[in-house]
Amino acid sequence: MTKLPVRVAGWSARRPWWAIAGWVLFVALCLGAGIAAGTNTATSEDYRVGEAGRGEALAAQGGLEQRPMERVLITAKAGAERVGPEADAAAGEIADRMRQLPEVASVGAPVRAADGRAVRVDVTMKGEEQDGKKHVDPLLAQTAKVRAEHPRLRIEESGGPSISKDVQGQRGDDLAKTEMIALPITLITLFIVFRSAAMAAVPLVLALSAIVAAVGLSMIASHVFPDAGVGTNVILLIGLAVGVDYALFYLKREREERARSGGRLDSRALVELAAATSGHAVVVSGLAVAASSATLFLADDVIFSSIATGAIVVTLVAVIGSLTALPALLVKLGARAERRAAAKAERAARRGKPVAAKPARSGAGRITSTILRVTAARPAATLAVAVFAMLALAAPLANLKLTDIGRETYSRDLPAMDTWHRQNEAFPELKSMHQVVVRADAARADEVAGALRELEVRAKTDPALAGIAELRTSPDHRITMLELRVPHFVGTDTAQDSLDRVRDDYVPATIGRLRGVDVAVTGDVARYADYPEHQKTKLPMIVTTLLLVTFVITVIAFGSVVLGLLGMLLNLLSAGAALGLLVLVFQGSWAEALLDFDSTGSIGSRVPLFLFVILFGLSMDYQVFVISRIREAVQRGVSTRQAVLDGIGNSAGVVTSAAFVMVTVFASFIGLHLIEMKEFGFSLAVAVLLDAFVIRIMILPAAMLLLGERSWWPAIGLRRSRGHTPAAEVRPVQNVG
């Protein structure tokens, strides 16, 4: 893996304009091919998991699956008055208008609220539940027209399609805001690191171009792994972080070698030298992120498959850009810098004032140097204190509660959500539902219907249910479904307890007595309950695979079983501490005002798995980069103890800068409205901070100092390479003035 980056970088350095043009063409082709192929959006079938998913599949066989539905709510302007004949007339007009739309499958009869203060009209749309948001605009337009004709009434529309449309728009606005925050801060950070606007712009340009190419490739990949609507978010989140980091590692090393060479090497030689060192780290890190992300496919979930696809594609594209376009840009910028330096030296010589060469800026800063001195003097104490602190941060994990994110958590600032809440206040039975779906021979339809009617009678005495039921049968009489209304939101204990009674008591006592039938309980509450359980069953297998992948990549990269085991433990430690802080902040209510969220008393079920996988991959960035610097020193014959102190000290600046960029990108997601995205951003930002400033500067060096030469066991490749450094492969070339 050392020779490949050198060969590729060497080609790009010799033909910089060809490499730059090739990268631009590659990005354009990826985007163009993606647009031509289009995005294959996930269907309702792709989201089915657990018993709820099985029930949905049974219902779909009989044409009884959930359809996209909009509801028009009519109330008085004041909201507290009973509505009269005008409301009935408006409801009739809405029904007539909706029936004429090609997007509408059926319109229900107007329903008046029990207190007489509201009337609603249910409109069922054609197509799949997931597609409703694409076709809801004509329905909203008709509602707006009737509203204009009845100024004394409050006429509004809400439902799954309009809410999804509003949430999608809000998410787009939020992402635009995060870009406005993350991009300038990233650019400022890079300018501080390099003290050059041109050099600062290079990582950002490469990262953004990698994101564009990855978006196109992900559209093509969606025809194999359907897009669940989160792929672009992940590409932006991961692409900006790793794209800037990889370029930063490369650029920083090139600048160090340029200063160290004192003008004895030209730009091409410096680029090849950076490729042999940091380029190798970029390749290993990229493969680690991609391999770690691939474990998400084991979740057997369309959302995680979409996340994995986006992360893998953008990471590999970022690696390609770092090995091709970046060396070419460095050669061109380096040549320009050399010409400027030569001209400056010539002018100074004419004035008789020679220009003093700038010394190479290396070594750790004050804070890092202080920590390293303490670590070197007392490695055992440092290790014990740091590990204890990380375990203390992880302690709240004992109270972790995972749930799906219900619709009621969406921002009420959205018009459709505000209407949805008022609909549920006027008609509590709309909050959620259970669906008992049965498949049997058509000849047994009456027998099945009788058993379901018995279930309905039992359920009517349940105080957690609304006492409203509807029995439907498929045209072929093979599928029968009983729908039970629940006047509680899906995330409440009351709704969840009612699901347990339906599944464990009512179904076994009624339909469960029939032989040869297939039954499943689905619906809103079941979906909410079954998804976290599905994730919990997959988590052990994915984490085990993730640990194995991390171990194997580390062993292959450094030839050390000890470092492989150490890397696994350190990643678990940082992930556990980050999750502990996540539970402490989001599962309680004390930070609600600070971070602008309403606590659900739980953590989104997708967050831990996402954090584990992405963090394990990103942690390899720092681990590979830091250990590579240590290994280089060991290869030159330096003792492991001194190599650890020098390697971590010399890499501390770039690791700190890279971490700051990542934290900025991730932390910007805390400002989003969706609580799950807040949790994603917070947990990743905290994890990167802990990984960069505790794991890599305190725990890793302390552990390696205690292990000493045993850190490299069995170290066959290292013993063979003692006294040989990658720099020896790069020929020194006289500086071109």
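Higher on the page you've got the structure.
Computed from a prediction, not measured in an experiment: that's the story for all the values here.

**Q** Outline a negative patch on the surface, listing residues and values.
**A** Judged by side-chain charge, Asp 493, Asp 497, Asp 500, Asp 504 and Asp 505 come together as a negatively charged surface patch. Residue placement: Asp 497 occurs in helix 16 (residues 493-509).

**Q** Which residues make up the sheet that holds strand 8 (residues 469-473), and what are the values?
**A** Strand-to-strand pairing in sheets goes through backbone hydrogen bonds, with the strands running parallel or antiparallel. Taken together, 4 strands build an open sheet; the order of strands is 8-9-7-10 and the sheet is antiparallel. The strands lining the two open edges of the sheet, one partner per strand, are strand 8 and strand 10 (518-522). When the angles between neighbouring strand axes are averaged without regard to direction, this sheet yields 15 degrees. Pairing analysis gives 8 bridges linking strand 7 (residues 432-439) to strand 9 (residues 479-486), with the strands arranged antiparallel. Bridge pairing in strand 9 links Met 433 to Arg 485. The sheet strands contacting helix 3 (residues 50-61) are strand 7, strand 9 and strand 10, and the helix crosses strand 10 at an angle near 115 degrees.

**Q** Let's hear about the nonpolar core: which residues, and what values?
**A** Of all hydrophobic cores here, the largest spans 162 residues; its most connected members are Phe 586, Phe 610, Tyr 622, Ile 630, Phe 666 and Phe 682. Aside from chain neighbours lying at most four places away, what touches Phe 682 is Leu 581, Leu 582, Val 585, Phe 586, Leu 595 and Ile 670. By size, the runner-up hydrophobic cluster in this structure holds 27 residues, among which are Ala 440, Leu 465, Val 502 and Leu 514.

**Q** Mind laying out the packing of aromatic side chains, listing which residues take part and the relevant values?
**A** Going through the model one piece at a time under the given rule, you end up with 8 aromatic pairs. Here Phe 610 and Phe 680 contribute two aromatic rings whose centre-to-centre distance is 4.4 Å and whose plane-to-plane angle is 45 degrees, an arrangement assigned as tilted. You can see Phe 610 sitting in helix 20 (residues 607-635) and its partner Phe 680 sitting in helix 22 (residues 675-707), a full 70 residues away along the chain. One exposure class covers both Phe 610 and Phe 680, and it is buried. One aromatic cluster in this structure is built from Phe 586, Phe 597 and Phe 682. Positioned above the aromatic ring of Phe 427 is the side chain of Arg 120, whose terminal nitrogen or guanidinium carbon lies 4.8 Å from the ring centre. The cationic tip of Lys 431 hangs over the ring face of Phe 489; the distance from NZ or CZ to the ring centre is 4.9 Å.

**Q** Describe the side chain of Glu 676, naming the residues involved and giving the relevant values.
**A** Relative to the helices and strands, Glu 676 resides in helix 22. Judged by its relative accessible area of 13%, Glu 676 falls in the buried class. Within the structure, the side chain of Glu 676 is placed 3.0 Å from the side chain of Arg 606, a separation counted as a polar contact. Once residues lying within four places of it in the same chain are set aside, the contact partners of Glu 676 are Ile 405, Gly 604, Ser 605, Arg 606 and Val 607.

**Q** Tell me about the pattern of salt bridges, and name the residues and values.
**A** Using the criterion set out here, one finds 35 salt bridges in the structure. With a shortest N-O distance of 3.4 Å, Arg 99 and Asp 96 are connected by a salt bridge. Linking Arg 99 with Asp 96, this pair stays in helix 4 (residues 85-99), spanning 3 residues, or about one helical turn. Arg 99 gets classed as partly exposed once you look at its relative accessible area, which sits at 48%. Overall, Asp 96 belongs to the partly exposed group, its relative accessible area being 45%.

**Q** How would you explain the packing of helix 9 (residues 267-294) against helix 10 (residues 302-323) if you had to name every residue and give the values?
**A** Packing of helix 9 against helix 10 leaves a shortest axis separation of 8 Å and a crossing angle of 170 degrees. In terms of orientation, helix 9 lies roughly antiparallel with respect to helix 10. Between helix 9 and helix 10, the contacting residues are Gly 279, Val 282, Val 283, Gly 286, Val 289, Ala 290, Ser 293 and Ala 294 on the first element and Ala 308, Ala 311, Ile 312, Thr 315, Leu 316, Val 319, Ser 322 and Leu 323 on the second. Here the contact of helix 9 with helix 10 is built from residues that sort into 11 nonpolar, 5 polar and no charged.

**Q** Could you give an account of the environment of Met 219, naming the residues involved and the relevant values?
**A** Summarising the element assignment, Met 219 is placed in helix 7 (residues 197-221). Residue classification places Met 219 among the buried positions, given a relative accessible area of 17%. Taking the C-alpha atoms as reference points, Met 219 and Leu 31, separated by 188 residues in sequence, lie 8.7 Å from one another. Setting aside its immediate chain neighbours within four residues, Met 219 contacts Gly 34, Ile 35, Gly 38 and Thr 39.

**Q** A description of the environment of Gly 647 should follow, citing residues and the corresponding values.
**A** Along the chain, Gly 647 falls in helix 21 (residues 640-667). Residue Gly 647 is classed as buried on the basis of its relative accessible area of 4%. For the pair Gly 647 and Arg 629, spaced 18 residues apart in sequence, the C-alpha to C-alpha distance is 4.9 Å.

**Q** Which residues make up helix 9, and what are the values?
**A** The principal kink in helix 9, of about 40 degrees, is found at Ala 276. Within helix 9, 24 of the 28 residues are buried, leaving the element largely enclosed by the surrounding structure.

**Q** How would you sum up the environment of Leu 139? Please name residues and give values.
**A** Looking at where Leu 139 falls in the secondary structure, it is placed in helix 5 (residues 137-149). The class for Leu 139 is buried, based on a relative accessible area of 0%. In the structure, Leu 139 is positioned 412 residues away from Phe 551 in sequence and 55 Å away in space, judged by C-alpha atoms. Residues in contact with Leu 139, not counting those within four places in the same chain, are Glu 70, Met 98, Leu 101, Glu 103, Val 104, Val 123, Met 125 and Glu 157.

**Q** So what about a nonpolar patch on the surface? Which residues, and what values?
**A** There is a patch of nonpolar side chains on the surface, built from Leu 31, Ile 35 and Val 212 and spanning about 230 Å² of accessible area. Checked against the element boundaries, Val 212 lands in helix 7. For Val 212, a relative accessible area of 33% corresponds to the partly exposed category.

What counts as what
- Residues numbered from 1 in each chain as written.
- Predicted model: local features only at pLDDT ≥ 70, side-chain atom pairs only at ≥ 80, totals over all residues.
- Heavy atoms only, no water.
- Patch = residues over 30% accessible without salt bridge, like charges linked within 9 Å, V, L, I, M, F, W, Y side chains within 5 Å.
- Areas by Shrake-Rupley, 256 points an atom, 1.4 Å probe, with all protein chains shown as cover.
- Salt bridge = Lys/Arg side-chain N within 4 Å of Asp/Glu carboxyl O.
- Lys, Arg positive; Asp, Glu negative; His and termini not counted.
- Charge placed at Lys NZ, Arg CZ, Asp CG, Glu CD.
- Helix = DSSP H or I, 4+ residues; strand = E, 2+ residues; numbered from the N terminus.
- Pairing = 2+ DSSP bridges.
- Axes fitted to C-alpha atoms, helices over the stretch in contact; angles between N-to-C directions.
- Contact = heavy atoms within 4.5 Å.
- Core = buried A, V, L, I, M, F, W, Y, C linked by side-chain atoms within 4.5 Å.
- Buried < 20%, exposed > 50% of the residue type's maximum accessible area, 1.4 Å probe, protein only.
- Phe/Tyr/Trp six-rings, centres within 6.5 Å; stacked < 30°, edge-to-face > 60°.
- Lys NZ or Arg CZ within 6 Å of the ring centre and 35° of its normal.
- Polar contact = N/O pair within 3.5 Å; in protein donor to acceptor, adjacent residues only side chain to side chain.
- Parallel < 35°, antiparallel > 145°, perpendicular 65-115°, else oblique.
- Nonpolar A, V, L, I, M, F, W, Y, C, P; charged D, E, K, R; others polar.
- Bend = angle between axes of the 7 residues up to and from the residue.

The analysis is restricted to geometry; functional conclusions fall outside its scope.
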